[in-house]
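Spelled out, the chains give:
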Amino acid sequence: NKTKLAELSLAENHRKKVGDEWEETGTTFWDAKVWGDNAEFAAALTKGDAIDLSAYIENGEIRHRVITNEETWEGKDGKPRSKTILTIFDWEVYD
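Note that the structure is predicted; figures quoted are calculated from it, not measured.

Asks: Could you clarify how one ought to interpret the pattern of salt bridges in this entry?
Replies: Close approach of charged atoms allows side chains with opposite charge to pair. Counted by the stated rule, this structure contains five salt bridges. With its nearest N and O atoms 2.9 Å apart, the salt bridge here joins E24 to R15. In this structure R15 comes out as partly exposed when scored by relative accessible area, which is 48%. For D31, the salt bridge goes to K83, with nearest N and O atoms at 2.7 Å. In this pair, D31 is assigned in strand β2 (residues 21-35) and K83 in strand β7 (residues 80-88), connecting sequence segments 52 residues apart. Accessibility expressed as a relative area gives 33% for K83, which makes it partly exposed.

Asks: I keep staring at the pairing of strand β1 (residues 5-18) and nothing clicks. Help me out?
Replies: Strand residues, when the strand is regular, have side chains that alternate between the two faces of the sheet. Here β1 pairs with β2 via 14 bridges, running antiparallel. Each residue of the ladder has a partner; that of K17, found in β2, is W22. Between β1 and β2, which follow one another and run antiparallel, lie two residues, and G19 among them has a positive phi close to 65 degrees.

Asks: Would you mind showing me how to read the nonpolar core here?
Replies: Within soluble globular proteins, side chains that are nonpolar generally end up buried alongside one another. One finds A6, L8, L10, A32, V34, A39, A42, L45, V66, L86, I88 and W91 forming the largest nonpolar core, which totals twelve residues. When residues of this core are traced back to their parent elements, those giving at least two are β1, β2, α1 (38-43) and β7. The element contributing the most residues to this core is β1, with three residues.

Asks: Which parts of the structure should I look at to understand the sheet that holds β7?
Replies: Whether parallel or antiparallel, the strands of a sheet pair through hydrogen bonds between backbone atoms. An order of β1-β2-β7-β6 is seen for the four strands of this open sheet, with the pairing classed as mixed. Each end of this open sheet is capped by a strand with a single partner; those strands are β1 and β6 (66-74). Each adjacent strand pair in this sheet contributes to an overall mean axis angle of 45 degrees, direction not counted. Relative to β7, β6 runs antiparallel, the two sharing nine bridges. Opposite W73, over in β7, you have R81 as the bridge partner.

Rules of the game
- Residues numbered from 1 in each chain as written.
- Predicted model: local features only at pLDDT ≥ 70, side-chain atom pairs only at ≥ 80, totals over all residues.
- Heavy atoms only, no water.
- Salt bridge = Lys/Arg side-chain N within 4 Å of Asp/Glu carboxyl O.
- Buried < 20%, exposed > 50% of the residue type's maximum accessible area, 1.4 Å probe, protein only.
- Helix = DSSP H or I, 4+ residues; strand = E, 2+ residues; numbered from the N terminus.
- Pairing = 2+ DSSP bridges.
- Core = buried A, V, L, I, M, F, W, Y, C linked by side-chain atoms within 4.5 Å.
- Axes fitted to C-alpha atoms, helices over the stretch in contact; angles between N-to-C directions.

So, in structure tokens, the structure goes:
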């Protein structure tokens, strides 16, 4: 199987509007997998590049750019561990 795969980490910045200003409220870090033709593009992303992973409408139907999967394993201490992995199908890049 020669399907292209890129694995990367993404930072999601959280903001809320306070008066007329936007205030940073935190960051969530995500592990992500990008398959197919987008994998080459993902490998070229650099820290700070802004991308949009929100859903969009095409031909009157909602299309999702991302699905989530739960990966689980046993830690060195014998306790169960898990994390959510984003599987990205498509995105928009901001200049």
